[in-house]
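Structural features, examined
One letter stands for each residue in the lines below.
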Amino acid sequence: RFFLGEFFVMQALLNASDAIDGLLARIARVFGWLFVALVVVICWDVLTRKLGFQIPGFGSTPIQELEWHLHGALFLFWLGYAYIRNSHVRIDVFTSSKTPRQQAKLGVFGILVFAIPYCVVATYFSYLFAHVSFLQNERSDAPNGLEYRWILKGCLFLGLVLVDLAVASVLMRKLVMLFGSPDLAARASSPAATH
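Residues numbered from 1 in each chain as written. Predicted model: local features only at pLDDT ≥ 70, side-chain atom pairs only at ≥ 80, totals over all residues. Heavy atoms only, no water.

1. What about a nonpolar patch on the surface?
The grouping of Phe109, Leu112, Val113, Phe114, Ile116, Val120, Val121, Tyr124, Phe125, Tyr127 and Leu128 at the surface amounts to a nonpolar patch, some 1,100 Å² of accessible area in total. With respect to the secondary-structure elements, Phe114 resides in helix H4 (residues 100-135). (Patch = residues over 30% accessible without salt bridge, like charges linked within 9 Å, V, L, I, M, F, W, Y side chains within 5 Å. Areas by Shrake-Rupley, 256 points an atom, 1.4 Å probe, with all protein chains shown as cover. Salt bridge = Lys/Arg side-chain N within 4 Å of Asp/Glu carboxyl O. Helix = DSSP H or I, 4+ residues; strand = E, 2+ residues; numbered from the N terminus.)

Below, the structure is given as structure tokens:
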């Protein structure tokens, strides 16, 4: 009976991880279109500088600010997906010689000791950062810069929430790898989010 209950817990963890991975993949796909918008804005900026033509009231400063706003949002909405895909920067010198089980143990340790505390602090302060910006209706410091700076700061908060979900998903997979049945452990260790 205990084994059966343990199986259902591990299955539930894996299902939750799959659901999170699917959500992160869908969000990444939708916000991936920001890359196209970013390329268009950069091309427009380069052309208008070379030709000396600019839309009245929408000169170089707002275009440049829009570039980094789009770049920031693109990065933030893809960060969680990159983490579940194991595409983030890693230092594998310590783990390359370890077995998959040892790597999973190190992964759980790293998540519990480093990732979760960082995520809690960063998400909390990014919320405050965006909230204050919204209350002040913050805009660019440049006289002709973009308004609504709180939107980008809100993207920082939402991006960190997605990282929080990604960390939870990876932790669940690592736990299933360590404590699940062999078939569930094999499924948990396969590359995440093949969507």
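2. Thoughts on helix H3 (residues 60-84)
Between its first and last C-alpha, H3 extends 37 Å over 25 residues, near the 36 Å set by a 1.5 Å rise per residue. Where H3 bends most, at Trp78, the angle is about 40°. Note on H3: the residue one or two positions beyond its end, Asn86, has a positive phi of about 65°. (Expected span 1.5 Å × (residues − 1). Bend = angle between axes of the 7 residues up to and from the residue.)

3. Here we look at the environment of Arg101
Structurally, Arg101 is set in helix H4. For Arg101, the residues in contact, after removing those within four places along its chain, are Met177 and Leu178. (Contact = heavy atoms within 4.5 Å.)

4. A closer look at the packing of aromatic side chains
The way to describe two aromatic rings as a pair is by their centre distance and the angle between their planes. Applying the stated rule across the entire model yields eight aromatic pairs. Ring geometry for Phe134 versus Trp150: centroids 5.0 Å apart, planes at 85°, classification edge-to-face. Here Phe134, found in helix H4, pairs with Trp150, found in helix H5 (residues 149-179); they are 16 residues apart in sequence, far enough to count as distant. Residue Trp150 is classed as partly exposed on the basis of its relative accessible area of 26%. Grouped by ring-pair contacts, the aromatic residues Phe134, Tyr148 and Trp150 constitute a single cluster. (Phe/Tyr/Trp six-rings, centres within 6.5 Å; stacked < 30°, edge-to-face > 60°. Buried < 20%, exposed > 50% of the residue type's maximum accessible area, 1.4 Å probe, protein only.)

5. So, the pattern of salt bridges
All told, the structure shown has seven salt bridges when counted by the stated rule. Its salt-bridge partner being Asp18, residue Arg173 comes within 2.5 Å of it at the nearest N-O pair. Residue Arg173 is found in helix H5, and its partner Asp18 is found in helix H1 (residues 2-31); the two are separated by 155 residues along the sequence. When its relative accessible area of 8% is taken as the criterion, Arg173 is described as buried. Across the pair Glu65 and Arg149 runs a salt bridge whose closest N-O atoms are separated by 4.0 Å.

6. Describing the nonpolar core
Leu24, Phe77, Tyr83, Ile84, Ile111, Val167 and Val176 are the most contacted members of the largest nonpolar core, which has 37 residues in total. Taken together, the elements giving at least two residues each to this core come down to H1, helix H2 (33-51), H3, H4, H5 and helix H6 (182-189). Looking at which element gives the most residues to this core, the answer is H5, with eleven residues. Excluding anything up to four places from it in sequence, Val176 contacts Met10, Leu13, Leu14, Leu184, Ala185 and Ala188. (Core = buried A, V, L, I, M, F, W, Y, C linked by side-chain atoms within 4.5 Å.)

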